[in-house]
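# Report on the structure
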Amino acid sequence: QWVDLVFDATDLGVWDWNPSTNHIVYNERCARLLGYAPEELPANARGWRAMTHPDDLPRINAQFRAHVTDRTSAALRLEYRTRAKDGRWVWVQNWGRVIERDDAGRALRAVGIFQDISQLKHAEAALRESEARLRTIVESSPVGIFLCDAEGQVVFRNQTIALIHGTDGTEEFGLGW
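This report concerns the structure included in the present document. (Residues numbered from 1 in each chain as written. Predicted model: local features only at pLDDT ≥ 70, side-chain atom pairs only at ≥ 80, totals over all residues. Heavy atoms only, no water.)

## Observations concerning the sheet that holds strand β3 (residues 76-83)
Pairing is antiparallel in the open sheet, where five strands are placed in the order β2-β1-β5-β4-β3. Edge positions in the sheet fall to β2 (23-26) and β3, since each has one partner strand and no second. Each strand axis lies, on average, 25 degrees off the axis of its neighbour in the sheet, ignoring direction. With eight bridges joining them, β3 and strand β4 (residues 89-101) adopt antiparallel strand pairing. Following the sheet pairing, R83 is matched in β4 by W89. Relative to the sheet, helix α4 (residues 57-69) contacts β1 (13-18), β3, β4 and β5 (107-116), its axis offset from that of β3 by approximately 145 degrees. (Pairing = 2+ DSSP bridges. Helix = DSSP H or I, 4+ residues; strand = E, 2+ residues; numbered from the N terminus. Axes fitted to C-alpha atoms, helices over the stretch in contact; angles between N-to-C directions. Contact = heavy atoms within 4.5 Å.)

Structure representation (structure tokens):
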């Protein structure tokens, strides 16, 4: 079926949850993303929460609870860590939506997609570390450093350049050209 081809091409797992029974069905891709066989994934939300990093659980539970009780059609987007079969924590992004409700508004069915975003999270962390390292170097430099935009406006300056110009770093200063 073409839908399966799309999910395979995009490396997305798919899940289908019945809140009444708390039963979850996953596609094979969902299991493979975490190194499991499909039958090894928990068949209920309690089991899935047990795989979720404890630091992420309060936020995830609150967001999910709010979504399930909310009657909006907006999709739920969650980022959190879950335990892979080999024991490592995998960052995942999970989009879902309640697609069926009873007359009282209770969720009857929710479906969603699931993707491993670990590489993205590791790249973001490396970028933050690199920016912090660069910021430390620039701010502790005995040399005045500034950066201008295309119009010649100063968009950044370190404390040393402010001291060279005899300011406390909060005043504007021009380049004189």
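Picking up after the structure, the text goes on.
## Things to note about the packing of aromatic side chains
If you walk through the whole model with that rule in mind, you get three aromatic pairs. In textbook terms, an aromatic cluster arises when at least three aromatic residues are bridged by ring pairs, as seen for Y26, W48 and F114. The cationic tip of R83 hangs over the ring face of W89; the distance from NZ or CZ to the ring centre is 3.8 Å. Directly above the aromatic system of W91 lies the positively charged group of K121, at a separation of 4.6 Å from the ring centroid. (Phe/Tyr/Trp six-rings, centres within 6.5 Å; stacked < 30°, edge-to-face > 60°. Lys NZ or Arg CZ within 6 Å of the ring centre and 35° of its normal.)

## Examining a nonpolar patch on the surface
Residues L147, V155 and F156 make up a contiguous nonpolar surface patch of about 270 Å² in total accessible area. Residue placement: L147 occurs in strand β6 (residues 146-148). (Patch = residues over 30% accessible without salt bridge, like charges linked within 9 Å, V, L, I, M, F, W, Y side chains within 5 Å. Areas by Shrake-Rupley, 256 points an atom, 1.4 Å probe, with all protein chains shown as cover. Salt bridge = Lys/Arg side-chain N within 4 Å of Asp/Glu carboxyl O.)

## Section: the pairing of β5
Where β1 and β5 come together, five bridges link them in antiparallel fashion. Paired with W17 across the strands is A110, a residue of β5. Sheet topology places β4 next to β5; nine bridges connect them, and they run antiparallel. Paired with W95 across the strands is I113, a residue of β5. Following β4, the chain reverses through five residues before pairing antiparallel with β5; G105 in that reversal takes a positive phi of roughly 90 degrees.

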